[in-house]
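Topology and contacts: notes
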Amino acid sequence: MNRREIDARMRAMMARVGLREQMINRYPHEFSGGQCQRIDIARALIVEPKLVICDEPVSALDVSIQAQIVNLLKSLQKEMKLALIFIAHDLAVVRYISDRVMVMYLGRVMELADKHALYDAPRHPYTRALLSAVLVPDPAIERGKVVQILSGDIPSPIDPSSGCVFHTRCPMAQARCAHEVPALRALGPDSSAARLFA
Ligand code: SF4
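These lines cover the structure that appears in this document, whether it is placed above or below. All residue numbers refer to position in the chain's written sequence, counted from 1. Side-chain atom pairs in this predicted model are given and counted only at pLDDT of 80 or more, local residue features only at pLDDT of at least 70, and totals for whole chains, interfaces and linings cover all residues. In computing side-chain properties, one takes all heavy atoms of the structure into account and sets aside hydrogens as well as water.

1. A look at the packing of helix 2 (residues 33-45) against helix 3 (residues 63-80)
The following threshold applies: Fitted lines through C-alpha atoms serve as axes, helices being fitted only where they are in contact, and the angles separating the N-to-C directions of these axes extend from 0 to 180 degrees. Working definition: helices are DSSP H or I runs of at least four residues, strands are E runs of at least two. Numbering for both runs from the N terminus. The cut-offs work like this: below 35 degrees is roughly parallel, past 145 is roughly antiparallel, 65 to 115 is roughly perpendicular, and the gaps in between are oblique. Crossing handedness: left-handed means the near helix sits turned counterclockwise from the far one by under a right angle, and right-handed means the same turn made clockwise. Here a residue-residue contact requires only that any non-hydrogen atoms of the pair lie within 4.5 Å.
As a packed pair, helix 2 and helix 3 sit with axes 10 Å apart at the nearest point and diverge in direction by 15°. Considering the angle they form, helix 2 stands roughly parallel to helix 3. Handedness of the helix 2/helix 3 crossing: right-handed. Facing G34, Q37, R38, I41 and L45 of helix 2, the residues of helix 3 in contact are I65, Q68, I69, L72, L73, L76 and M80.

2. Topic: the side chain of H124
Which entries qualify depends on this criterion: Per-residue accessibility, obtained with a 1.4 Å probe over protein chains only, is compared with the maximum for each type, and a residue is labelled buried under 20%, exposed over 50%, and partly exposed between these values.
Counting through the fold element by element, H124 comes out in the loop between helix 5 (115-120) and helix 6 (125-132). Overall, H124 belongs to the buried group, its relative accessible area being 2%. Setting aside anything within four residues of it in sequence, one finds H124 in contact with M110, E111, F166, R195 and L196.

3. With respect to the site of the ligand
Defined as follows: The cutoff for a nearby residue is simple: one of its non-hydrogen atoms must lie within 4 Å of the molecule or strand. Throughout this entry, Asp, Glu, Lys and Arg are counted as charged residues, while Ala, Val, Leu, Ile, Met, Phe, Trp, Tyr, Cys and Pro are counted as nonpolar. The remaining residues, Gly among them, count as polar.
Around the ligand, a shell composed of H124, P125, C164, F166, H167, C170, M172, A173, C177, P182 and F197 is seen. When grouped by side-chain class, the residues that make up the shell around the ligand number nine nonpolar, two polar and no charged.

4. Overview of the nonpolar core
Nonpolar side chains tend toward joint burial in soluble globular proteins. Put simply, the test is: Residue types Ala, Val, Leu, Ile, Met, Phe, Trp, Tyr and Cys, when buried and joined through side-chain atoms within 4.5 Å, form a set referred to as a nonpolar core.
Core analysis: the biggest nonpolar cluster contains 23 residues, and V17, I41, L45, V58, L73, L76 and F86 have the highest contact counts within it. Apart from residues no more than four positions distant in its own chain, I41 is found in contact with V17, I69, L72, L73 and L76. In this structure, V94, A113, C164 and V165 belong to the second largest nonpolar core, which totals 17 residues.

5. Brief notes about the sheet that holds strand 4 (residues 108-114)
To keep it simple, the criterion reads: Being paired, for any two strands, means DSSP has found at least two bridges between them.
Spatially, 3-4-6-5 is the arrangement adopted by the four strands of the open sheet, whose pairing is antiparallel. Only two strands of the sheet have a single neighbouring strand rather than two, namely strand 3 (100-105) and strand 5 (184-186). Taken over all neighbouring pairs, the strand axes of this sheet differ in orientation by 25° on average, direction set aside. Direction of pairing for strand 3 relative to strand 4: antiparallel, over a ladder of six bridges. By the bridge assignment for strand 4, R100 is matched with D114. Packed on one face of the sheet, helix 6 meets strand 3 and strand 4 and runs near 105° to strand 3.

6. A word on the pairing of strand 4
Here strand 3 folds back onto strand 4 in antiparallel fashion, the turn holding two residues, of which L106 has a positive phi close to 50°. Sheet topology places strand 4 next to strand 6 (residues 193-195); two bridges connect them, and they run antiparallel. Within the sheet, the bridge partner assigned to L112 lies in strand 6 and is A193.

Set out below in structure tokens:
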């Protein structure tokens, strides 16, 4: 591409992510946090990828800006037919943006399922504990909710304990969990799976 084509492509991409063309010569410190995320999205998408890995893309933003960025990613995903891997700790955001969800603990997959199946009927004890802590926007439900607090020590990620990596905190742990690693078992025709003993 020549200089003029590159410039045109950049301006078009800026407009696509919601940035005004006049911002093209601004210095980095002149952008807000949300605008910086838009720039990052533009930089990732300008090469027209098929897959984008978004690692905690909204965790540093306030809630209203988070919603704008997540909605932007959703619309770009549809428009550009993108596959997104969205890595986050906020399970409400994950539920909103995802089709399928993989829950990981210390680098191991604990459960993988369609988002409705996972949020409505989690199979793994770690997923159940995580979901019990998600805020429900209904005071009546929230007051009666039982949050499952996980006790026990978190092993070092660089030196995880033997057996199931979750066994030091799992409320369902048995003696075998300390030395046997459960397989990731398929649970149904929808390619859902969980790391559980049979
Ligand atoms: S294998 Fe054992 S420790 Fe691990 S999740 Fe299952 S019951 Fe809990």
